[in-house]
Amino acid sequence: MTLRGLDNLIQEVGVRGKRVFVRADLNVPMRDGAIADTTRIEASLPTLRKLLSAGARVVLSSHLGRPKGKRDPAFSLQPVSEALASRLGRPVHFAEDCVGAPAETAVANLGDGDIALLENLRFHDGETKNDPEFAQGLAALADVYVNDAFGTAHRAHASTAGMVASFENVAAGDLLQSETVNLDRLLTPERPFMCLLGGAKVSDKLGVLEALIERADVIGIGGAMAYTFLAAAGQPIGKSLVETDRFDDARDIYERAAVNNCDLLLPTDHIVATGPDQADTAQIVTEIPDDTAGFDIGPVSASQFAERACGSKTILWNGPMGMFEEPAFASGTATVALGVAESSALSVVGGGDSLAAVNQLGIGDRIGHLSTGGGASLEYVQGLTLPGIAALER
Ligand code: AMP
């Protein structure tokens, strides 16, 4: 997909003295009023630096959390403006609201190369409802529109979709563009192509499984979602998490994998315990006892997944292989992560938990592409049209 990028916008249209609306993804995790992880702030910097040094008047916006259309100080972007200011080495003016007088005044006071951050877009329910009036209020703040929020590109919200048609000149920010360039490589992957999917629920990953089964040579399934597949095939799963209403979908996936010559790998050994907080009862088994639940894939399965990853040319990994937050159940995810890192394949890792695992292990620089958008990247690799990206196409 070809979108106008930032460099093209700066060279062809020019941004000096222009008010440039930047929709970024500054949805950082907060703990006790402090930013718990700054990854998304760092990821937004290249686009901001480029625009500021080209003399743009940057009107920066984002959502944070789910304040459900109401002003809630716990979800204020104010701490983010301070974190941005220290990284950009210049003041980041903060507007107490994203529309109306506070926003208009903040924007009117911007000089060339200045930046203002608007308060959380989701303090207004017009954002998620894609309300035309709210979208108009946002659009009135700027002359040019840039979307760099890949993580919300799968949502048709006012700031990602509704307001965009009002602009003659629009562009993809550097982060959004690098996501599309890297994820495009999974649409026509070099083979063998391996997908590793994990996490809690089959239902969340069904769409991507259905799409990838036609494209992938091997799909490794771990995490709690594996138990729905095992149970659907009649295997004992004890007290493991399961979605009984997804058995038919699971059987359908087995059949389609066979038809498409896609190897569907499920764990053959497990780390079980009597409960999630009973790590002291953890043991490795090949058959899950009735009074235990599986909390991680076992070492044999983890090595098998990692080996297949090493032999692949393209890898997509999304979702942990177990309840990796608990050290006793983290080894499956770690073994798979190391396998992906060791592979010479083009590897793409997405989803908050998989990224956290990669960061914990300090192997981020050995992964081809770390995708900042969990849900958005899964929709993109299915070949679906993302409203935030479609809006940028001219
Ligand atoms: P998701 O949001 O669907 O990617 O799921 C991630 C969550 O699934 C993490 O918090 C994991 O702790 C959890 N999880 C993964 N495997 C298991 C498992 N076998 N049993 C319980 N929870 C799991």
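Residues numbered from 1 in each chain as written. Predicted model: local features only at pLDDT ≥ 70, side-chain atom pairs only at ≥ 80, totals over all residues. Heavy atoms only, no water.

Draft legend 1. Representation of the packing of helix α1 (residues 6-13) against helix α2 (residues 39-53) in the model. Here α1 crosses α2 at 10°, and the two axes come no closer than 11 Å. Looking at the two axes, α1 sits roughly parallel to α2. For the pair α1 and α2, contact is made by L6, D7 and I10 and by T47, K50 and L51, respectively. Counted by class, the contact of α1 with α2 contains three nonpolar, one polar and two charged residues. (Axes fitted to C-alpha atoms, helices over the stretch in contact; angles between N-to-C directions. Helix = DSSP H or I, 4+ residues; strand = E, 2+ residues; numbered from the N terminus. Parallel < 35°, antiparallel > 145°, perpendicular 65-115°, else oblique. Contact = heavy atoms within 4.5 Å. Nonpolar A, V, L, I, M, F, W, Y, C, P; charged D, E, K, R; others polar.)

Draft legend 2. Spotlight on the nonpolar core. Grouped together as the largest cluster of nonpolar side chains are 71 residues, with contacts concentrated most on L138, F150, M163, I219 and I221. Residue contributions to this core peak at seven residues, all from helix α10 (residues 225-232). Apart from residues no more than four positions distant in its own chain, I221 is found in contact with L197, L209, A226, F229, L264, L265, L266, P267 and F305. Counting 30 residues, the second-largest nonpolar core is a separate cluster that includes L6, V15, V20 and A56. (Core = buried A, V, L, I, M, F, W, Y, C linked by side-chain atoms within 4.5 Å. Buried < 20%, exposed > 50% of the residue type's maximum accessible area, 1.4 Å probe, protein only.)

Draft legend 3. Structural detail: the site of the ligand. Close contacts around the ligand come from 16 residues, with A200, G294, M323, E325 and D353 the closest. Here a nitrogen atom of the ligand sits 3.0 Å away from a polar atom, N or O, in the main chain of G294. Between the ligand and E325, the relevant distance is 2.5 Å, taken from an oxygen atom to a side-chain nitrogen or oxygen of the residue. Here the ligand loses 79% of its free accessible area of 500 Å² to cover by the protein chains. Residue assignment for the shell around the ligand shows that the elements contributing at least two residues are α9 (202-212) and β14 (293-297). Looking at the shell around the ligand residue by residue, the class counts come to seven nonpolar, four polar and five charged. (Near = heavy atom within 4 Å. Polar contact = N/O pair within 3.5 Å; in protein donor to acceptor, adjacent residues only side chain to side chain. Areas by Shrake-Rupley, 256 points an atom, 1.4 Å probe, with all protein chains shown as cover.)

Draft legend 4. Spatial organisation of the sheet that holds strand β13 (residues 283-285). An order of β13-β12-β14 is seen for the three strands of this open sheet, with the pairing classed as antiparallel. Each end of this open sheet is capped by a strand with a single partner; those strands are β13 and β14. The average undirected angle you get between the axes of adjacent strands in this sheet is 45°. With four bridges connecting them, strand β12 (residues 270-273) and β14 associate as antiparallel partners. (Pairing = 2+ DSSP bridges.)

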